[in-house]
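Spelled out, the chains give:
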Amino acid sequence: MRLLNTESLCLIEFKDEDKPTYAILSHTWGKEEISFQEMQKMQKMQKLDDGVASQKAGYNKIKGSCRMAQNKQYEWIWIDTCCIDKGNSTELSEAINSMYCWYQEADVCFAYLEDVLPNKTTFQRQIDKSRWFSRGWTLQELVAPRKVEFFAGDWTFLCSKADIAISLSSITGIHPQALADKPLKAFSVAQKMSWASKRTTTKPEDIAYCLLGLFNVNMPLLYGEGMEKAFVRLQEEIMKDSDDQSIFAWNRPGEHPEALHSLLAATPADFANSTDIVPVRDWGKSSPFSVTNAGLHFTIRKGLLSCFSEKDPDQLVALHFLQECRLSLTEYI
C-alpha cells in the first residue's frame, strides 16, 4: 500500500504488516486530477508547488486533504488519484481488490463533497443532490470505514456519518444498521445489490468491480468485457461462497412481468425493488449452487426461492418457469 506523507507530500510504499495509522479520502473524480506519475515527477523535482500539475484543481484537493489530516494529527493519508499507479495493470487490479479493506482499516475517512456549500444549516437539504451519493465507488467508501467525516467544497466540516445515519439511510437506501457497522454478512445479496441500484460509474465494468469488497470476493479485472459480463462474473463469484437465493430475487422495472431473461441480473439496477428481500431462516440451509459449463444448478421448492419480503413476511419470492424446464441457467426466467 502506498501512502502520502501529509507534510512532505512524498509517496512511500508500506508492507501490510508495517502500515502506519492513516486517514483516507473519499471524493468524486474531476477533469484535473493528479496522477501517480505527476506526483512522482514533482517529488523528484522537489518543486511540489511549481509546474503545470500544481495548478490543477486536483492538486488543491490533495493539499486540502493533507492539511485536514495534519490538523487531526495524521502523518499519512491515502488518496486514490495519486497513490495508485494506474499504468500498471497488476497494481491497479490488486488495489481495486484491496480497496474495501483499505477503507475499513483507515482511522478516519474524509468524504469531500466538492459540490456542497459550506452551510451547516442547509447541508442536509443539499446532501442528497451531491454527486458523491450517485457514484458507484463511494458506496463502499461510505459503508466500510468506521468513522466518516463530511466536508464541504471549502473543507468546512459538516457532520459525521454517525450524526446523520438516518438521513444517509433514506438518501442511499442502505440499511441503517449497515451504516452502524453491523457485519455485512447479516444482509442478503439482494439487499446489498439494491444499495448500488441507482449508482453509476464512468467505466461500465466498474459497476461490478466497485462491489467486490461489499461481497468479500476477488476476481480479475477485464476492462473491455462490458458491464453485463463483468456483473455476471461478480454474481458467479458470490455464488461460490454463498447459498443465498436472494441473488435471483430481481426484476427489471417497467418491463412486462412475463418478459424472459436469464437467471442472473445484468446490472445492479435490476435489484432496485429488492431492498427488503431477506433469506428464509427456518427452511434450513439451502443446497449449494453448482456452476458448470452445462449451466447453474440448485434446489428450490415448487418454484419458491428461500427468501421473502421483510416488510411483508407472508410474501415469498417465486421464479416464473417456462412450461418445460430443468434446473439450468438457460431455462430459468
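Everything below is about the structure printed above this text.
Residues numbered from 1 in each chain as written. Predicted model: local features only at pLDDT ≥ 70, side-chain atom pairs only at ≥ 80, totals over all residues. Heavy atoms only, no water.

Trainee: When you look at the side chain of histidine 27 in this model, what are you seeing that I'm missing?
Mentor: Summarising the element assignment, histidine 27 is placed in the loop between β3 (23-26) and α1 (36-45). The exposure class of histidine 27 is buried, given its relative accessible area of 6%. Polar side-chain contacts of histidine 27 include one of 2.8 Å to the side chain of lysine 61. A distance of 2.8 Å separates polar atoms of two side chains, one belonging to histidine 27 and the other to aspartate 80. (Helix = DSSP H or I, 4+ residues; strand = E, 2+ residues; numbered from the N terminus. Buried < 20%, exposed > 50% of the residue type's maximum accessible area, 1.4 Å probe, protein only. Polar contact = N/O pair within 3.5 Å; in protein donor to acceptor, adjacent residues only side chain to side chain.)

Trainee: I tried to follow the sheet that holds strand β1 (residues 2-5) on my own but got confused; where do I start?
Mentor: Two modes of strand pairing occur in sheets, parallel and antiparallel, and in both the strands are linked by backbone hydrogen bonds. Here 7 strands make up an open sheet; going across it, the order is β2-β1-β4-β3-β5-β6-β7 and the pairing mixed. Strands at the two margins of the open sheet, each flanked by one partner only, are β2 (11-13) and β7 (157-160). Ignoring which end each strand starts from, the neighbouring axes of this sheet average 35 degrees apart. As paired strands, strand β5 (residues 108-112) and strand β6 (residues 148-151) are joined by 4 bridges and run parallel to one another. Residue pairing for β6: alanine 111 is matched across the bridge by phenylalanine 150. The strands touched by helix α4 (residues 89-105) within the sheet are β1, β3, β4 (76-78) and β5, with β3 carrying the most contacts at an inclination of about 110 degrees. (Pairing = 2+ DSSP bridges. Axes fitted to C-alpha atoms, helices over the stretch in contact; angles between N-to-C directions. Contact = heavy atoms within 4.5 Å.)

Trainee: Looking at this structure, how should I read the pairing of β6?
Mentor: The side chains of a regular strand alternate between the sheet's two faces. The alternating pattern of β6 places Val148 and Phe150 and Glu149 and Phe151 on opposite faces, both of which are buried. Both β6 and β7 contribute to a ladder of 3 bridges, which runs antiparallel. Directly across from phenylalanine 151, in β7, lies its bridge partner phenylalanine 157. Linking β6 to β7, which pair antiparallel, is a turn of 5 residues; within it tryptophan 155 sits at a positive phi near 70 degrees.

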